[in-house]
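Structural features, examined
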Amino acid sequence: MKRLYSKTLEPLLYAIGYTVLLLFRSIGQSHHLYFKRKEILEQMFIAGVGSLFVVSIVSIFTGMILGLNTGLGLRDFGAEGQIGLLLTITLTREMSPFMTSLILAASVGSAMAAEIGTMKVSEEIDALEVMSINPVRYLVMPRIVGFSLMVPVLCVYSAALGILGGGIVGHFQLGIDMISYFQDVYYRISSVPGLKDLYVGLLKGYVFGLSISTISCSQGLRTEGGAIGVGQTTRKAVVTSFLMVIFSGYVLTALFYK
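Residues numbered from 1 in each chain as written. Predicted model: local features only at pLDDT ≥ 70, side-chain atom pairs only at ≥ 80, totals over all residues. Heavy atoms only, no water.

Moving on, we get to the overall build of the protein chain. Of the regular secondary structure elements, the protein chain holds 9 helices and 0 strands. For the protein chain, the α and β elements follow one another from N to C terminus as α-α-α-α-α-α-α-α-α. With respect to the three principal axes, the spread of C-alpha positions in the protein chain is 70 × 50 × 35 Å. Taking the intrachain contacts of the protein chain between residues at least 6 apart in sequence as the baseline, contacts between residues at least 24 apart amount to 83%. Accessible area of the protein chain: about 13600 Å², with a carbon and sulfur share of 70%. Within the protein chain, the 15 negative side-chain charges are centred at a point lying 8 Å from the centre of the 19 positive side-chain charges. (Helix = DSSP H or I, 4+ residues; strand = E, 2+ residues; numbered from the N terminus. Contact = heavy atoms within 4.5 Å. Areas by Shrake-Rupley, 256 points an atom, 1.4 Å probe, with all protein chains shown as cover. Lys, Arg positive; Asp, Glu negative; His and termini not counted. Charge placed at Lys NZ, Arg CZ, Asp CG, Glu CD.)

Here you go:
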């Protein structure tokens, strides 16, 4: 039993503690935000513009799929005209933050972990410390700030494209009037529950971005074992980020929608 504890729980607890401590250390470097603005903007470009194409394709087809399936289900009750309301709720509250975060974790988060992991095994991070350069300030903080700021922006963009995709399917395959569809969308977004859905979706996007970037940097800084270790680090970063997105998404939904 003791051996099982030492082999499973100790590495897990160490990883959790290291990641949480890394987040607080990054927050402690926030007074260097202005001086690291160039690096932060670069990370925002990588996470935002660099992921724009794949987020666009996935978002619009997700909206089309949800719109078609929802409309076909509601057609049995003669209520297919309500897909505008349902898609707006689904996309802004849950699907867009969840979907966008998984895409960015698999593309940007994995690259982030691999980049820092390569620097770790090639002793570049040790060289930074020898030159009295703080790796957290130099590598981690710009990535966490830039990534976590861009995820909510991409969530709004993803929700808008998803709603557009649902409207296209609703008009051409279900015969729904486009004007009525977007009137329902506007009615929902401008209402108090709709604004709450939007704010909760933005909060989820920020929390997901903070989690993914911190986990990816933490995995990269703990890389060992050369090229094989970098590959394992990348895999662990993506898997752990996925699990964290699912867990935190449930917690936030349960917290705001009791």
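Once you've had a look at it, read on.
Before going further, it helps to examine the nonpolar core. With 24 residues, the main nonpolar core has Val140 and Phe147 as its most contacted residues. Contributing elements (two or more residues each) for this core: α4 (83-121), α5 (124-130), α6 (135-174) and α8 (192-221). If near-sequence neighbours (up to four positions away) are discounted, Phe147 is found in contact with Ala47, Leu104, Val108, Met112, Gly209, Ile212 and Ser213. Membership of the second largest hydrophobic core comes to 10 residues, among which are Ile83, Leu174, Ile176 and Val185. (Core = buried A, V, L, I, M, F, W, Y, C linked by side-chain atoms within 4.5 Å. Buried < 20%, exposed > 50% of the residue type's maximum accessible area, 1.4 Å probe, protein only.)

Under the defined criterion, the tally for this structure stands at 5 salt bridges. One salt bridge in this structure joins Glu39 and Lys36, with 3.7 Å as the shortest N-O distance. Residue classification places Lys36 among the buried positions, given a relative accessible area of 10%. With a closest N to O distance of 2.5 Å, Lys204 and Glu94 form a salt bridge. (Salt bridge = Lys/Arg side-chain N within 4 Å of Asp/Glu carboxyl O.)

Residues Leu9, Leu12, Leu13, Ile16, Val20, Phe24 and Ile27 make up a contiguous nonpolar surface patch of roughly 650 Å² in combined accessible area. Structurally, Leu13 is set in helix α1 (residues 2-28). (Patch = residues over 30% accessible without salt bridge, like charges linked within 9 Å, V, L, I, M, F, W, Y side chains within 5 Å.)

As recorded in UniProt, the sites labelled "transmembrane region" (unreviewed entry) are residues 12-28, 40-66, 144-169, 198-217 and 237-257. For residues 144-169, helix accounts for 100% and strand for 0%, while the C-alpha atoms at its two ends are 37 Å apart. (UniProt positions renumbered as here; feature names shortened; annotations may be inferred.)

The subject of this paragraph is helix α3 (residues 52-75). Helix length check: α3, at 24 residues, gives a terminal C-alpha distance of 34 Å against a target of 34 Å (1.5 Å per residue), a fit within 8%. The inward-facing, buried residues of α3 abut α4 and α6. (Expected span 1.5 Å × (residues − 1).)

Moving on, we come to the side chain of Thr88. Among the secondary structure elements, Thr88 is positioned in helix α4. Residue Thr88 is classed as buried on the basis of its relative accessible area, which comes to 2%. From its side chain, Thr88 meets the backbone oxygen of Gly84 in a polar contact 2.6 Å long. Once you skip the residues sitting within four places of it in the chain, Thr88 turns out to touch Arg93, Ile163, Val185, Arg188 and Ile189. (Polar contact = N/O pair within 3.5 Å; in protein donor to acceptor, adjacent residues only side chain to side chain.)

What follows concerns the packing of aromatic side chains. One pass over the full model with this rule turns up 3 aromatic pairs. Pairing Tyr34 with Phe35 gives two aromatic rings, centres 5.8 Å apart and planes at 80°, and the pair type is edge-to-face. For Tyr34, a relative accessible area of 56% gives the class exposed. Aromatic side chains Tyr181 and Phe182 sit 5.1 Å apart centroid to centroid with 90° between the ring planes, which places their arrangement in the edge-to-face category. (Phe/Tyr/Trp six-rings, centres within 6.5 Å; stacked < 30°, edge-to-face > 60°.)

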